[in-house]
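Each chain, letter by letter, is given below.
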Amino acid sequence: MRFESRRCTLNVGGRRFSFPVELMKRLPLKRLSRLHGCVSESELLELCDDYDRDRNEFFFDRHSEAFSFIMLYVQDGKLRLVPHMCELSFYNEMLYWGLESSDLQPCCQRRLDDRMSDCFVHFFPEEGQRGPEEPQSHWLERIRRMFEEPTSSLVAQLLASVSMLFVVISMVMLCASTLPDWKTPETLEQHRIIEAVCIGWFTAECIVRFLVSLDKWKFVRHPLNIIDLLAITPYYVSVTVTILTGENSQLQRAGVTLRVLRVMRIFWVIKLARHFVGLQTLGLMLRHCYREMVMLLVFIGVAMAIFSALAQLLEHGLALEAGNQDYASIPAACWWVIISMTTVGYGDIYPVTVAGRVLGGICVVSGIVLLALPITFIYHSFLQCYHELRVRSARCGHSLSNEFIN
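Residues numbered from 1 in each chain as written. Predicted model: local features only at pLDDT ≥ 70, side-chain atom pairs only at ≥ 80, totals over all residues. Heavy atoms only, no water.

**Regarding the pairing of strand β4 (residues 57-60)**
Then, number 1: In this structure, strand β1 (residues 7-12) lies alongside β4, joined through 4 bridges in parallel fashion. Bridge assignment links valine 12 to a residue of β4, and that residue is phenylalanine 60.
Then, number 2: Here 3 bridges tie strand β3 (residues 50-52) to β4, and the two strands are oriented antiparallel to one another. Paired with aspartate 50 across the bridge in β4 is phenylalanine 59.
Then, number 3: Joining the antiparallel neighbours β3 and β4 is a turn of 4 residues, in which asparagine 56 adopts a positive phi near 50°. (Pairing = 2+ DSSP bridges. Helix = DSSP H or I, 4+ residues; strand = E, 2+ residues; numbered from the N terminus.)

Here it is as structure tokens:
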């Protein structure tokens, strides 16, 4: 923006805000930064409602009180919701001036999240006009969205349903194969056929997703893709070993390895995380609050060291010959401590002396307190992750509804 005046005035809803022109380009408001870069009046009118060249005044038909709070954010760096104003209306003003929900203070951000969840309303940035795309890249992008975003289209939902069906069938067959009545030749042959069909589907799905991915290295490093690889590879390894050794006594020497590889197919259950928000929330929550989880493990470790040493002393150390042999060593006492602190109480090991029972009561109460300390942090982290994934799901649903209408 090139004007002779060194100061500019923003008239927002009849209220004027004046500041130096050079300050405009440093403001964290994207609309004003773009306004500073305009070189013609026509470009200015695309960003504001009117412009007075003589007074260098820009007119915006927006909420003046909301903009006052936004200017306070510019001054002190803290953005809060306007009292007695709808959270969604203020967020709409934020989007107009180029701010995001992450700019809000945590307390106000939670209020906005709760309001959006209650009203089932989500704001999404308007998609700009895209230039002409090559037919090949367009189809690759559609295929990628079908496999990576299950709610992006009707075809993607169908593919996700088929994939979930194959996962369920694979798990049922894996569990049924361990039954004693499943050892007949007929059932084993049926199991091999069904297993081959499921593995074929998973392999084809993984190969297609790899070919249409934008970043191949990022695709390989993705946790869910690593799990897919761990679930598919054991089948091909076991088939290769069977072909090389044959169905004879030589195969028995590799029997333990093959059984371990077959059990690794249980990782197929984690493939359901692609289609269920709950499982995705669990993984995202564990990644965000790993510090709290480590703190919880440290609490348990310290308590185990203290209570196991005291239990070994009270139950066995004071009377070596007539002592409780279940507490003959500190590592043995650690098992009693962990099942007591978690209130499991198998009853296989228990104190017999009065002092040991008193220590056991203190151990149980301490375990309840220590395990409850990080729960609040983990709970809030779970809510934030769940809301984040719901917003993503709503975004995909928004695209799906547009596609259905079109």
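**Section: the packing of aromatic side chains**
Then, number 1: A complete count under the given rule lists 9 aromatic pairs for this structure.
Then, number 2: Relative to tyrosine 346, the ring of tryptophan 335 has its centre 5.9 Å away and its plane inclined at 5°; by these criteria the two rings are stacked. With tryptophan 335 in helix α16 (residues 330-341) and tyrosine 346 in the loop between α16 and α17 (354-372), the pair connects residues that are 11 residues apart, well separated along the chain.
Then, number 3: Take tryptophan 335: its relative accessible area is 39%, and that puts it in the partly exposed class.
Then, number 4: A residue is classified by how much of its surface remains accessible, and tyrosine 346, at 57% relative accessible area, is exposed.
Then, number 5: Within the aromatic cluster, the residues linked to one another by ring pairs are Phe17, Phe60, Phe67, Tyr96 and Trp97.
Then, number 6: The ring of tyrosine 96 has arginine 31 lying over it, and the distance from NZ or CZ to the ring centre is 3.8 Å.
Then, number 7: Directly above the aromatic system of phenylalanine 210 lies the positively charged group of lysine 216, at a separation of 5.9 Å from the ring centroid. (Phe/Tyr/Trp six-rings, centres within 6.5 Å; stacked < 30°, edge-to-face > 60°. Buried < 20%, exposed > 50% of the residue type's maximum accessible area, 1.4 Å probe, protein only. Lys NZ or Arg CZ within 6 Å of the ring centre and 35° of its normal.)

**Overview of the pattern of salt bridges**
Then, number 1: Using the criterion set out here, one finds 5 salt bridges in the structure.
Then, number 2: Notably, a salt bridge pairs arginine 62 with glutamate 93, separated by 3.2 Å at the nearest N-O pair. A residue pair is termed long-range when its members are at least 10 positions apart, and arginine 62 in the loop between β4 and α4 (64-76) and glutamate 93 in helix α5 (residues 87-97) qualify at 31 residues.
Then, number 3: Arginine 192 is the salt-bridge partner of glutamate 189, the closest N and O atoms lying 3.6 Å from each other. With glutamate 189 and arginine 192 both in helix α9 (residues 185-212) and 3 residues apart, the pair spans about one turn of that helix.
Then, number 4: On the accessibility criterion, glutamate 189 (42% relative accessible area) is partly exposed.
Then, number 5: Counted as one network, the salt bridges with shared partners bring together Arg16, Asp52, Arg55 and Glu57. (Salt bridge = Lys/Arg side-chain N within 4 Å of Asp/Glu carboxyl O.)

**Details of helix α8 (residues 154-176)**
Then, number 1: Along its 23 residues, α8 runs 33 Å from first to last C-alpha, staying within 8% of the 33 Å computed at 1.5 Å per residue.
Then, number 2: Listed in full, the buried residues belonging to α8 are Ala156, Ala160, Ser163, Phe166, Val167, Ser170, Met171, Met173, Leu174 and Ala176. (Expected span 1.5 Å × (residues − 1).)

**Remarks on the environment of leucine 284**
Then, number 1: Turning to its location among the elements, leucine 284 is positioned in helix α14 (residues 277-288).
Then, number 2: The exposure class of leucine 284 is buried, given its relative accessible area of 9%.
Then, number 3: Separated by 102 residues in the primary sequence, leucine 284 and tyrosine 386 have C-alpha atoms spaced 8.6 Å apart.

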